Amino acid sequence: MSSLNHCIKFELDIKDENIVFKDYFYKSIKLQKHKIYEAELIQPACPFCGSLDLLHNGHLITNIHYPTANASLPVIIRLAKQRVKCRDCDHWSMAQSELVNKYCSISNASKLKVLSALTEDRSMTSIARENNVSINTVQRVLGNCSHRFIDSYEYLPAHLAFDEFKGVDRQLHFICLAGDNHQVVQILRTRYKKTLLKYFGRFSPQARANVKTVTMDLNFYYQDIVRACFPNAQIVIDRFHMIQMLTRSFNSLRVQVMKTVDKRSRQYQLLKSPWKLYLKKFDELEKVHPRYNWHYKDCLTQAQAVTEGINTSTALENSYNLMQSFIQAVETGNTHELKSLINCQDQIGTLMHKTLLIFKHNLTAVLNGAALPYSNGCLEGFNRKIKQIERTAFGYSNFTNLLTRIRLEEDLYKENILT
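The structure contained in this document is the topic of the report that follows. (Residues numbered from 1 in each chain as written. Predicted model: local features only at pLDDT ≥ 70, side-chain atom pairs only at ≥ 80, totals over all residues. Heavy atoms only, no water.)

### A short note on the pattern of salt bridges
Phase 1 of the analysis: With the rule as written, the count across this model stands at 16 salt bridges.
Phase 2 of the analysis: K281 is the salt-bridge partner of E331, the closest N and O atoms lying 3.1 Å from each other. With a gap of 50 residues between them, E331 in helix α11 (residues 314-332) and K281 in the loop between α9 (266-272) and β11 (291-293) connect regions that are remote in the sequence.
Phase 3 of the analysis: Residue E331 is classed as exposed on the basis of its relative accessible area of 51%. (Salt bridge = Lys/Arg side-chain N within 4 Å of Asp/Glu carboxyl O. Helix = DSSP H or I, 4+ residues; strand = E, 2+ residues; numbered from the N terminus. Buried < 20%, exposed > 50% of the residue type's maximum accessible area, 1.4 Å probe, protein only.)

And the structure:
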């Protein structure tokens, strides 16, 4: 065999012994310079009976797109596939190779490179341009991956996390992650109670009994699903959502009190200008070095500004102290202090009182959120990644394509593809 054939095979990383390269040249196709390799695909034996007594009957010329390191110089392999007839079994056949699938002109190496690019945060247009293929080819490669993610209804992780995110047509889709390794368990098209009960009902009783904790926000029907499907699971309310509800309640009360005083007064400026300081932990406020603020025309430290601001109203002061104590109790896991704060009888704002009533109604789950180390932090981070995927693609109109792209960009699957 010629040295030219060996050199071209080494350059293109082709190991098929039945492909013989004969020549190469440059040609302009649609005003773009291409590098053309001419090769022949030999049929050594009959694929039906294995006979070597073959009658050759011409070739089928196929132009195969092959990946290249230089995207500005596309590579095309002009492959001549032998057509043969077996003299023993009278079957007609055509030479086939692992280089390209039957009836296809895109090489498997190009498809694998496109699949590897789909695991990154890139648009399909840029992937198609880099690999010298059409956008429809990239979409077909993405569509062919959907069958890889087949559900198994025999196992569920011991710790789950529930949440939802906005996807196709601004609808809310359900997502479930494993609390330990942060892998995606399932993403469903809708978050309706009927859909979730039907999905988790497919799992075996042993798999559902294996679930120990389910972390969620204060969505009311998620708890019904946990009680119906997971007999041994504890409901855990995410700590971030609890503190978020409390801070929003206090912020609403601050605005309400601020509107009751004169806009030209010092109290109004103290409640309006440093509004971010009221949402921080009191221990993190500056207490030593005062700074001048032109809003209230005085030099005060951050702690002094907050203290003077909350003294405007008794309800505001009680709500602020309750919020600070609640945050500290959640961070330290002090469930006894947390329970006494939820049952607080002090004068507080109406919205904060409603928030405490919600916590009291879900007392066991709220205390579990403070006592147990599990949270929805991993899920919030993954939802941020999903938003970035949708932003890069300017949105998805097909839920299956969105789901496949999310799973492809999942870190665990990405490592398997690249290795």
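Next, the rest of the story.
### Remarks on the environment of K360
Phase 1 of the analysis: Relative to the assigned elements, K360 resides in helix α13 (residues 350-361).
Phase 2 of the analysis: According to the relative accessible area criterion, K360 is partly exposed, its value standing at 46%.
Phase 3 of the analysis: Considering only alpha carbons, one finds K360 and N343, 17 residues apart in sequence, at a separation of 7.4 Å.
Phase 4 of the analysis: The contact partners of K360, leaving out residues within four places of it in the chain, are I342 and N343. (Contact = heavy atoms within 4.5 Å.)

### Some details on the packing of helix α2 (residues 108-118) against helix α4 (residues 135-143)
Phase 1 of the analysis: α4 packs onto α2 with a crossing angle of 75 degrees between their chain directions and a minimal axis gap of 10 Å. The angle between α2 and α4 places the two elements in the roughly perpendicular class. In this structure, α2 contributes K111, V114, L115 and L118 to the contact, and α4 contributes V138, V141 and L142.
Phase 2 of the analysis: Looking at the contact of α2 with α4 residue by residue, the class counts come to six nonpolar, no polar and one charged. (Axes fitted to C-alpha atoms, helices over the stretch in contact; angles between N-to-C directions. Parallel < 35°, antiparallel > 145°, perpendicular 65-115°, else oblique. Nonpolar A, V, L, I, M, F, W, Y, C, P; charged D, E, K, R; others polar.)

### Examining the pairing of strand β6 (residues 159-166)
Phase 1 of the analysis: In terms of burial, β6 is largely enclosed, as seven of its eight residues are buried.
Phase 2 of the analysis: In this sheet, strand β9 (residues 213-216) lies alongside β6 in parallel orientation, the contact comprising three bridges. Following the sheet pairing, A161 is matched in β9 by T215.
Phase 3 of the analysis: Summarising the sheet, β6 and strand β7 (residues 172-178) pair through seven bridges and their orientation is antiparallel. Across the sheet, residue K166 finds its bridge partner in β7, namely L172.
Phase 4 of the analysis: Linking β6 back to β7 in an antiparallel pair, the connection comprises five residues, with D169 at a positive phi of about 55 degrees. (Pairing = 2+ DSSP bridges.)

### Side note on the packing of helix α8 (residues 239-258) against α13
Phase 1 of the analysis: Here α8 crosses α13 at 160 degrees, and the two axes come no closer than 8 Å. In terms of orientation, α8 lies roughly antiparallel with respect to α13. Of the residues in α13, those touching α8 at M242, M245, L246, R248, S249, F250 and S252 are L351, M352, T355, L356, I358 and F359.
Phase 2 of the analysis: Grouping the constituent residues of the contact of α8 with α13 by class yields nine nonpolar, three polar and one charged.

### Structural notes on empty space enclosed by the protein
In this approach the atoms are scanned with a rolling probe the size of a water molecule, which exposes any empty space left behind.
Phase 1 of the analysis: Per the counting criterion, the structure on display carries one cavity of 30 Å³ or more.
Phase 2 of the analysis: In this structure, the largest cavity is lined by H65, Y66, P74, V75, N131 and N132.
Phase 3 of the analysis: Of the residues in the lining of the largest cavity, the class split is three nonpolar, three polar and no charged. (1 Å grid on protein atoms, 1.4 Å probe; cavity = no way out; pocket = protein on both sides within 12 Å on 5 of 7 lines; lining within 4 Å. Points joined across faces, edges and corners; volume = space filled by probe spheres on them.)

### Side note on the packing of aromatic side chains
Phase 1 of the analysis: Inspection of the entire model under this criterion finds 18 aromatic pairs.
Phase 2 of the analysis: Between Y153 and F203 the ring centres are 5.1 Å apart and the planes differ by 70 degrees, which places this aromatic pair in the edge-to-face class. Taken together, the positions of Y153 in the loop between α4 and β6 and F203 in the loop between α5 (193-200) and α6 (205-209) put the pair 50 residues apart, joining distant regions of the chain.
Phase 3 of the analysis: The structure contains a cluster of three or more aromatic residues connected by ring pairs, namely Y153, F162, F174, Y199, F200, F203, F220, Y221, Y222 and F230.
Phase 4 of the analysis: Positioned above the aromatic ring of Y26, the side-chain terminus of K33 is 4.6 Å from the ring centre. (Phe/Tyr/Trp six-rings, centres within 6.5 Å; stacked < 30°, edge-to-face > 60°. Lys NZ or Arg CZ within 6 Å of the ring centre and 35° of its normal.)

### Topic: the sheet that holds strand β8 (residues 184-188)
Sheet strands line up and pair through hydrogen bonds in the backbone, either parallel or antiparallel.
Phase 1 of the analysis: The sheet built from five strands is open, its strands ordered β8-β7-β6-β9-β10 with mixed pairing. Of all the strands in the sheet, the pair left with one neighbour each is β8 and β10 (234-237). Pairs of neighbouring strands in the sheet enclose a mean axial angle of 20 degrees, with direction left out of account.

### Things to note about a positive patch on the surface
Phase 1 of the analysis: A cluster of basic residues, K166, R170, R384, K387 and R391, forms a positive patch on the protein surface.
Phase 2 of the analysis: Examining the composition of the positive patch, we find that three residues originate from one element, helix α15 (residues 377-392), more than from any other.
Phase 3 of the analysis: Tracing the sequence through the fold places R170 in the loop between β6 and β7. (Patch = residues over 30% accessible without salt bridge, like charges linked within 9 Å, V, L, I, M, F, W, Y side chains within 5 Å. Areas by Shrake-Rupley, 256 points an atom, 1.4 Å probe, with all protein chains shown as cover. Lys, Arg positive; Asp, Glu negative; His and termini not counted. Charge placed at Lys NZ, Arg CZ, Asp CG, Glu CD.)

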